[in-house]
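Below, each chain spelled out in residue letters.
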Amino acid sequence: MATWRIGEVSITRIIELEFTGGTRFILPDATYDACREIRWLQPHFADENGKLRMSVQALVVETPSRRIVVDTCIGNDKEGRGVPRWNNLQGPFLSDLEAAGYPRDSIDTVLCTHLHVDHVGWNTMRVDGRWVPTFPKARYLMGRVEFEHWRDQRHDEGHRAVFADSVAPVFEAGLVDLVETDHRVSDEVSLTPTLGHTPGHVSVKITSRGEEALITGDFIHHPVQLTHPEWCSAADYDKAEGERTRRDVFARLAGTPTLVIGTHFAMPTAGKIVRDGEAYRLAV
Ligand SMILES: [Zn+2]
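This one's a predicted model, so the numbers in the text were calculated from it and none came from an experiment.

A.B. asks: Describe helix H5 (residues 157-172), and please don't skip the residues or the numbers.
C.D. replies: Helix geometry: H5 is bent most strongly at Ala164, by close to 40°. Restricting attention to buried positions, one finds in H5 the residues Val162, Phe163, Asp165, Ser166, Val167, Ala168, Pro169 and Val170. With a side-chain oxygen lying 2.8 Å from the backbone nitrogen of Gly158, the N-terminal cap of H5 falls on Asp156. Just past H5, the residue Gly174 takes up positive phi, approximately 80°.

What follows is the structure, encoded as structure tokens:
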């Protein structure tokens, strides 16, 4: 478990999955040969063969007044997932969350940066064959544009399954607030649009006592994209816009003390963006 402090706010990482290699389906340009040359990635973000390390994790943001789970991973018992090993997981996510001090009943806000399969899974859990909200006392914040986009997807069976078992049940339970991409959640926490990966994708900005952090969501999947902002995810909705977003955010944050916490970054997961030749790297 890792925890970071930003002023009066703590951010705690709850891991669901970690893996090394097998990431080409996410970043097709990231060949082993290309990644092996990028030495600053080792040892945290790649191994010596150029295999990328990644994780699927949730981040619990605790402010003086709120307990927020940012992105809810893949979830247990889910079926019909495009990635075979994401089907029917039986992981200890909820007990890990509780062991970190966050029993599910104590969460008052769930925030989805976007509505992809690995960001909405624990919105629900299976009880007696039905999908019920995992966090019954929470408001679930979802981007209005994002929600409408995925609700209206009729052709992709995988996306339909995700919406049906992980989004629709919380909406039908009346727990969803549809918000704009610049929504302010609390004094310390607000959304900021980082479009491209999905039509309504957001990152999460945390500011307290003069300190600042950014939880990325998936506008960047792996720190290697700091060296290669032009490397796009196979799952990007609009690749050109995704690249534009990365270049904008990197240029704005480079050299600043803002802590960048990567939604899929392997340990140590957070760092500061610094310039590195023509591009950037993550200083950890
Ligand atoms: Zn993701």
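A.B. asks: Break down the sheet that holds strand S15 (residues 279-283) for me, citing the residues and quoting the values.
C.D. replies: The six strands lie next to each other as S10-S11-S12-S13-S14-S15, forming an open sheet whose pairing is mixed. Lying at the two open borders of the sheet, with one neighbouring strand each, are strand S10 (189-193) and S15. Going across the sheet, the axis of each strand differs from the next one's by a mean of 35°, ignoring polarity. Of the pairings in the sheet, the one linking strand S12 (residues 211-215) to strand S13 (residues 259-261) comprises three bridges and is parallel in character. Counterpart to Ile215 in the pairing with S13 is Ile261.

A.B. asks: A description of unusual backbone geometry should follow, citing residues and the corresponding values.
C.D. replies: Looking along the chain, the bond that leaves Gln42 and enters Pro43 is cis, with omega of 0°. With respect to the secondary-structure elements, Pro43 resides in the loop between helix H1 (32-36) and strand S3 (53-62). A cis amide bond links Met267 to the next residue, Pro268, at an omega of 10°. The phi angle at Asp77 is positive, at roughly 70°, despite the residue not being glycine. A relative accessible area of 16% means that Asp77 is categorised as buried. A positive phi is found at Asn88, a non-glycine position, where the angle reads about 55°. Position of Asn88 among the secondary structure elements: in the loop between strand S4 (67-70) and helix H2 (93-99). Judged by relative accessible area, Asn88 falls into the partly exposed class, the value being 40%.

A.B. asks: Can you tell me about the packing of helix H4 (residues 144-151) against H5, naming the residues and giving the values?
C.D. replies: Where H4 contacts H5, the two axes come as close as 10 Å, and the packing angle between them is 130°. In terms of orientation, H4 and H5 fall into the oblique class. You can see that H4 and H5 cross each other, and the crossing is left-handed. Contacts between H4 and H5 involve Phe147, Trp150 and Arg151 from the former and His159, Phe163, Val167 and Phe171 from the latter. Grouping the amino acids of the contact of H4 with H5 by side-chain chemistry returns five nonpolar, one polar and one charged.

A.B. asks: I'd like a description of the sheet that holds S4, backed by residues and values.
C.D. replies: Strand order in the open sheet formed by seven strands is S1-S2-S3-S4-S5-S8-S9, with mixed pairing between adjacent strands. For this open sheet the edge positions go to strand S1 (2-6) and strand S9 (176-179), each flanked by a neighbour on one side alone. Across the sheet, the axes of successive neighbouring strands diverge by a mean angle of 25°, strand direction being ignored. Set on the sheet, H4 makes contact with strand S8 (139-143) and S9; between it and S8 the angle comes to about 80°.

A.B. asks: Give a detailed account of helix H7 (residues 239-253), specifying residues and quantitative values.
C.D. replies: Across its 15 residues, H7 extends 21 Å between first and last C-alpha, which sits within 8% of the 21 Å expected from 1.5 Å per residue. When we look at burial in H7, the residues that qualify are Gly242, Thr245, Arg246, Val249, Phe250 and Leu253. Down the axis of H7, the buried set is contained in an arc of 120°. They therefore lie on one face. Residues Asp248 and Arg252 are exposed on H7 and point more than 90 degrees away from its buried face. N-cap assignment for H7: the residue whose side-chain oxygen lies 3.3 Å from the backbone N of Ala240 is Asp238.

How each quantity is defined
Residues numbered from 1 in each chain as written. Predicted model: local features only at pLDDT ≥ 70, side-chain atom pairs only at ≥ 80, totals over all residues. Heavy atoms only, no water. Bend = angle between axes of the 7 residues up to and from the residue. Helix = DSSP H or I, 4+ residues; strand = E, 2+ residues; numbered from the N terminus. Buried < 20%, exposed > 50% of the residue type's maximum accessible area, 1.4 Å probe, protein only. Polar contact = N/O pair within 3.5 Å; in protein donor to acceptor, adjacent residues only side chain to side chain. Pairing = 2+ DSSP bridges. Axes fitted to C-alpha atoms, helices over the stretch in contact; angles between N-to-C directions. Parallel < 35°, antiparallel > 145°, perpendicular 65-115°, else oblique. Left-handed = near helix turned anticlockwise from the far one by under 90°. Contact = heavy atoms within 4.5 Å. Nonpolar A, V, L, I, M, F, W, Y, C, P; charged D, E, K, R; others polar. Expected span 1.5 Å × (residues − 1). Arc of directions from axis to C-beta.

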